[in-house]
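Close look at the chain arrangement
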Amino acid sequence: RLRDTPEDICFEATANAIALHPARPLLAAGDVDGDVYLYSYSCTEGENRQLWSSGHHLKSCRDVAFSQDGQKLFTVSKDKSIHLLTVEEGRLETRFPKAHGSALNCVLPIDAHVFATGDDNGALKVWDLRKGDAILEAQQQEEYISAMAVDGNGKILLTASGDGTLGVFNVKRRRFELLSEPQNGDLTSVTLLKRGRKVACGSSEGTIYLFNWDGFGAASDRFALRAESVDCMVPVTDSIVCVGSLDGVIRAVNILPNRVLGCVGQHLGEPIEQLAVAPGGQLLASCAHDQKVKFWDISALGEMVVDDYRKKKKKGVPLRALSGKAVGSGEDFFADLREEAEPEAAAESDSD
């Protein structure tokens, strides 16, 4: 039987990190026990398959990323190591055992040979696989590096940090460029929008900060969501991002004009760890503390047009559901969006 989205994938431990293959229906996940899994996913019922698992990491696997050609999988861990696995068999091909002085938090492939890693202490390293070593090392930020993004030329690397700053590094010239002024709360995510002219950063306080490409010193705009936090963020179109929050709700947000479009899905009351978009932009995957990876249909977001006209918001109106599975849209968890929770909703949140 065909479904709109693949079935949930359940794990024995919480999955911290997920990535979707750039060309094939494959999902990689890393969990808090340090295990890494590769699954094939399908909209045909009963067709999700675990292809392999790897237990090389000694501590929690914090991030996973496919190489641009889709043949390798990068994984980084709290045990300070970087692993490169083959996607076909899950064989450990390259290992940097003590890659950083602190626990690693994120990894970003930049081109066929170069990738970047960030750790819990604010240190960034850019590596070249041809040399087998780091070609840029910098420690400009005071707290953990939460996320990274790179421009289309693989030249300018951006790092979001728990100290509230956005770091700018020139990969080609192997140097630090500048640090933004600190924003409120931890910066948790960073993504490029508007054909690379704008950069959006999510914060632990539920605000999205916008920077102009040529003005990283100070935010040009900010947009406060009615959310506890913005913990992760992925671009879906040139103007629309999906954001995951502590409240378990995945919101679709349009940037400039700034609007919350609605709810794509939810892990009821469970903080969302990471989001990933499938090639073609039709499917979104999410992992949360409920030990599940869920899939959401985001095909409707590509056709949404947002005009500048802003209607006055009525208090207590729930978020619009943007997919069939987003019914209820997790609004039962927002006291500020609904004056009184219905009895069933209150009971449901108690049992969670």
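Computed from a predicted structure; not experimentally measured. Every chain's residues receive numbers from 1 upward, in the order its sequence appears when written. Per-residue local features are limited, in this predicted model, to residues with pLDDT of at least 70; the limit for side-chain atom pairs, both in listing and counting, is 80 or more; totals at the level of whole chains, interfaces and linings are taken over all residues. Derived side-chain values reflect all non-hydrogen atoms in the structure, with water molecules and hydrogen atoms excluded from consideration.

1. Observations regarding the overall build of the chain
Under the DSSP-based scheme used, a helix requires at least four consecutive residues in state H or I and a strand at least two consecutive residues in state E, with every element numbered from the N terminus. The helix and strand tally for the chain stands at 1 helix and 28 strands. Radius of gyration (C-alpha) of the chain: 20 Å, near the 20 Å computed for a compact globule of 352 residues. Across its three principal directions, the C-alpha atoms of the chain cover 60 × 50 × 35 Å. The burial tally for the chain puts 55% of its 352 residues in the buried class. Restricting the contact set of the chain to residue pairs at least 6 apart, pairs at least 24 apart contribute 45%. Residue-level accessible areas treat just the shown protein chains as cover; the underlying method is Shrake-Rupley with a 1.4 Å probe. Working note: accessible area of the chain is about 15500 Å², and carbon and sulfur atoms make up 45% of it. The quantity called the radius of gyration is restricted to C-alpha atoms. Its globule counterpart is 2.2 Å times the number of residues to the power 0.38. For every residue, the accessible area (1.4 Å probe, protein chains only) is compared with the maximum for its type, and the residue is labelled buried under 20%, exposed over 50%, or partly exposed between those bounds. Residue contacts follow a heavy-atom distance rule, with two residues in contact if any of their heavy atoms lie within 4.5 Å.

2. A short note on the UniProt feature "repeat: WD" (unreviewed entry) in the chain
Taking the numbering used here, the UniProt-annotated feature "repeat: WD" (unreviewed entry) corresponds to residues 111–137 and 272–299. From the first C-alpha to the last, residues 111–137 spans 18 Å; its make-up is 0% helix and 63% strand. Each end of residues 272–299 is marked by a C-alpha atom, and these two atoms are 21 Å apart; helix forms 0% of the span and strand 64%. UniProt positions are given in the numbering used here, feature names are shortened, and annotations may be inferred rather than shown by experiment.

3. As for the sheet that holds strand E27 (residues 283–288)
By definition, two strands form a pair when at least two bridges between them are found by DSSP. Ordered in space as E1-E28-E27-E26, the 4 strands form an open sheet in which the pairing is antiparallel. What marks the edges here is a single partner per strand, and that holds for strand E1 (9–10) and strand E26 (272–277). As paired elements, E26 and E27 share 5 bridges and run antiparallel to each other. Across the sheet, valine 277 pairs through a bridge with leucine 284, a residue of E27.

4. Section: the environment of glycine 55
Here glycine 55 lies in the loop between strand E5 (49–54) and strand E6 (61–66). Judged by its relative accessible area of 54%, glycine 55 falls in the exposed class. Between the alpha carbons of glycine 55 and aspartate 33 there is a distance of 8.5 Å; along the sequence they are 22 residues apart.

5. What to know about the pairing of strand E4 (residues 36–40)
Counting buried positions along E4 yields 5 of 5 residues, so the element is predominantly enclosed. Along E4, one buried face is formed by Val36, Leu38 and Ser40 and the opposite face, lined by Tyr37 and Tyr39, is buried too. Adjacent in sequence and paired antiparallel, strand E3 (residues 26–31) and E4 are bridged by 4 residues, among which glycine 34 carries a positive phi angle near 95°. Direction of pairing for E4 relative to E5: antiparallel, over a ladder of 5 bridges.

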